[in-house]
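Tertiary structure, described
These are the residues of each chain, in order.
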Amino acid sequence: MRLILGGAGQGKLEYALADLGLEAADAADGERCPLEELFTKPVINRLHAFLRRELEAGRDPARIVELLFEHHPDAVVLCDEVGCGVVPLAPGEREWREAVGRACCAIAGRAERVDRVWCGIPQTIKQNGEIR
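The structure presented is a predicted model; accordingly, all values stated were derived computationally and were not measured.

Packing of helix H3 (residues 62-71) against helix H4 (residues 91-110) leaves a shortest axis separation of 9 Å and a crossing angle of 25°. In this view, H3 runs roughly parallel relative to H4, as classed from their interaxial angle. By crossing handedness, the relation of H3 to H4 is classed as right-handed. Here Val65, Glu66 and Phe69 of H3 lie close against H4, whose contacting residues are Ala103, Ala106, Ile107 and Arg110. Of the residues that constitute the contact of H3 with H4, the class distribution is 5 nonpolar, no polar and 2 charged.

Structure representation (structure tokens):
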């Protein structure tokens, strides 16, 4: 698995598609795709949005990470960094940020590669299972 992190609008999807030689249709959109689509597309965009949907539906977002490793270990997962900045007042927003952070930690810990994209510039943090 590969994890690509970065802030909103930083060019994660564009970087992933160019690096992999894929098109936008090859990416599942976590904001609106059904669960099954996460296992059929090579790229999973907006994991943070999918995890929000899981929380809102009363499901444990941690199970998504396990399902991904079980059913789609070659996925390239893109996720916004949502834990920076002011802590939200709403408990649901805090719970969501915590869930996204925990999911990214779990994926990064087991991923072969982790990249961070900032202003369209990628930086590899982990490659071949080794932190750089």
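Read on, since the account is not over.
What follows is about the pattern of salt bridges. Under the criterion given, the structure shown has 13 salt bridges. Put simply, lysine 12 and aspartate 80 hold a salt bridge, and the shortest N to O gap is 2.7 Å. Here the residue lysine 12 occupies a position in helix H1 (residues 12-20), and aspartate 80 occupies one in strand E4 (residues 76-80), the gap between them amounting to 68 residues. Of the residues examined, lysine 12 reaches a relative accessible area of 6% and is grouped as buried.

Bringing the nonpolar core into the picture now. In this structure, Leu38, Ile64, Val77 and Ile107 are the most contacted members of the largest nonpolar core, which totals 26 residues. Elements represented by at least two residues in this core include exactly strand E1 (2-6), helix H2 (47-56), H3, E4 and H4. Beyond its immediate sequence surroundings of up to four residues, isoleucine 64 is in contact with Leu35, Leu38, Leu47, Phe50, Leu51 and Glu54. Within the second largest apolar cluster, 9 residues are counted, among which are Leu17, Ala27, Val43 and Leu78.

Taking burial as the measure, the 5 residues of E1 include 5 buried ones, the bulk of the element. Burial along E1 is two-sided: the face carrying Arg2, Ile4 and Gly6 and the face carrying Leu3 and Leu5 are both buried. Bridging between E1 and E4 involves 5 bridges; their strand directions are parallel. Paired with arginine 2 across the bridge in E4 is valine 76.

The next point concerns unusual backbone geometry. Excluding glycine, a negative phi dihedral is what most residues carry, and trans is how most peptide bonds are arranged. Positive phi is not limited to glycine here, since arginine 46 has a value of about 65°. You can see arginine 46 is positioned in the loop between strand E3 (43-45) and H2. Assessed through its relative accessible area of 30%, arginine 46 is described here as partly exposed. A positive phi is found at asparagine 128, a non-glycine position, where the angle reads about 55°.

This part takes up the sheet that holds strand E7 (residues 130-131). Sheet architecture is open: 7 strands sit in the order E2-E3-E4-E1-E5-E6-E7, paired in mixed fashion. Each having just a single partner strand, strand E2 (27-29) and E7 make up the two edges of the open sheet. As defined by bridge partners, E1 adjoins strand E5 (residues 113-118) across 4 bridges and the pair is classed as parallel. Within E5, the residue paired with arginine 2 across the bridge is arginine 113. In the packing of H2 onto the sheet, contacts are made with E2, E3 and E4, and the angle to E4 comes to roughly 75°.

Procedures and definitions
Residues numbered from 1 in each chain as written. Predicted model: local features only at pLDDT ≥ 70, side-chain atom pairs only at ≥ 80, totals over all residues. Heavy atoms only, no water. Axes fitted to C-alpha atoms, helices over the stretch in contact; angles between N-to-C directions. Helix = DSSP H or I, 4+ residues; strand = E, 2+ residues; numbered from the N terminus. Parallel < 35°, antiparallel > 145°, perpendicular 65-115°, else oblique. Left-handed = near helix turned anticlockwise from the far one by under 90°. Contact = heavy atoms within 4.5 Å. Nonpolar A, V, L, I, M, F, W, Y, C, P; charged D, E, K, R; others polar. Salt bridge = Lys/Arg side-chain N within 4 Å of Asp/Glu carboxyl O. Buried < 20%, exposed > 50% of the residue type's maximum accessible area, 1.4 Å probe, protein only. Core = buried A, V, L, I, M, F, W, Y, C linked by side-chain atoms within 4.5 Å. Pairing = 2+ DSSP bridges.

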